[in-house]
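Tertiary structure, described
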Amino acid sequence: MKERTLAIIKPDAVERGLIGEVIKRLEANDLKIVAMKMVYMNKAQAEGFYAVHTERPFFESLTTFMSSGPAVVMVLEGENVIGRYRELMGATNYKEAAEGTIRREFATDIEKNVVHGSDAPETAAFEISYFFNSFEIVD
Ligand code: ATP
Ligand code: MG
């Protein structure tokens, strides 16, 4: 099934000069980019984005981190792209992520884990519309 997913290169990765590294891996794995821009979220915007995690103990720290610097947001499109991109990212905790995944190779912390990816079609739709209108996504 053709899907779309929201990808974020998180502030830790932008700060460390890993934008190109992440994009190279997306392209090498046939994950097609159909929208892309840089954003610098404020705290309220990061809280809105991660609203599903409001009750989690790491919510405060996570939203502070996500609003600590610029991030790159992208829409990826393709067959089963949600799962394929999550596979390329690796597990949330980089210590448990498979060999060769982005988080395994570049994450430094369970929170500062380089990339974000939507986890289901419904969350992808919410997350894409959080950052992009229809004119910003190429067909
Ligand atoms: P993401 O949603 O960013 O793609 P994910 O779906 O793998 O990551 P979630 O459970 O949705 O993981 O958590 C969202 C983010 O919150 C994680 O990517 C990480 O930055 C942070 N996080 C998750 N669990 C923890 C934790 N136990 N301690 C600190 N930060 C955490
Ligand atoms: Mg998630």
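Structure first, text after, so check above.
Now for a description of the structure that goes with this document. (Residues numbered from 1 in each chain as written. Chains lettered and ligands numbered in written order. Predicted model: local features only at pLDDT ≥ 70, side-chain atom pairs only at ≥ 80, totals over all residues. Heavy atoms only, no water.)

**Description of the site of ligand 1**
Spelled out, the test is: Residues are counted as near a molecule or strand when any one of their heavy atoms sits within 4 Å of it. Here a polar contact means two N or O atoms within 3.5 Å. Within protein one must be a hydrogen donor candidate and the other an acceptor candidate, and residues neighboring in sequence count only if both atoms are side-chain atoms. Accessibility throughout is a Shrake-Rupley quantity obtained with a 1.4 Å probe, and a residue counts as covered only by protein chains that appear here. When residue character is reported, Ala, Val, Leu, Ile, Met, Phe, Trp, Tyr, Cys and Pro are called nonpolar, Asp, Glu, Lys and Arg charged, and the others, Gly included, polar.
Lining the immediate surroundings of ligand 1 are 13 residues, of which Lys 10, His 53, Thr 92, Glu 111 and Asn 113 lie closest. Arg 86 is positioned such that a nitrogen or oxygen atom in its side chain is 3.1 Å from an oxygen atom of ligand 1. One of the side-chain N or O atoms of Thr 92 is found 2.5 Å from an oxygen atom in ligand 1. Relative to its unbound accessible surface of 570 Å², ligand 1 loses 81% to contact with the protein. Within the shell around ligand 1, the residues separate by chemical class into 4 nonpolar, 5 polar and 4 charged.

**Here's the deal with the nonpolar core**
The line we're drawing: Take the buried Ala, Val, Leu, Ile, Met, Phe, Trp, Tyr and Cys residues and link them wherever side-chain atoms come within 4.5 Å; each set so joined is a nonpolar core. Only protein chains enter the accessibility calculation, which uses a 1.4 Å probe; a residue is then buried when its area is under 20% of its type maximum, exposed when over 50%, and partly exposed in between. By the criteria applied, helices consist of DSSP H or I runs no shorter than four residues and strands consist of E runs no shorter than two, each listed in order from the N terminus. The contact definition used throughout considers only heavy atoms, calling two residues in contact when any of these lie within 4.5 Å.
Grouped together as the largest cluster of nonpolar side chains are 22 residues, with contacts concentrated most on Ile 9, Leu 26, Met 74, Leu 76, Tyr 85 and Val 114. Sorting the residues of this core by element identifies β1 (2–9), α1 (11–15), α2 (19–28), β3 (71–79), α5 (81–89) and α6 (102–106) as the ones contributing at least two each. In terms of residue count, α5 provides more of this core than any other element does, 4 residues in total. Every residue in contact with Val 114, bar those within four places of it in the chain, is listed here: Ile 8, Ile 9, Lys 10, Asp 12, Ala 13, Arg 16, Val 22, Ile 102, Phe 106 and Ala 107. If you look at the next biggest cluster of nonpolar residues, it comprises 20 residues, including Ala 35, Val 39, Phe 59 and Ala 71.

**Some remarks on unusual backbone geometry**
You will see that Asp 30, though not glycine, has its phi angle at about 60°, which is positive. Structurally, the position occupied by Asp 30 is in the loop between α2 and β2 (32–39). The class of Asp 30 is exposed, set by a relative accessible area of 62%. Its identity as a non-glycine residue notwithstanding, Val 114 has a phi of 75°, on the positive side.

Fair warning: the whole summary comes from geometry, so function is off the table for now.
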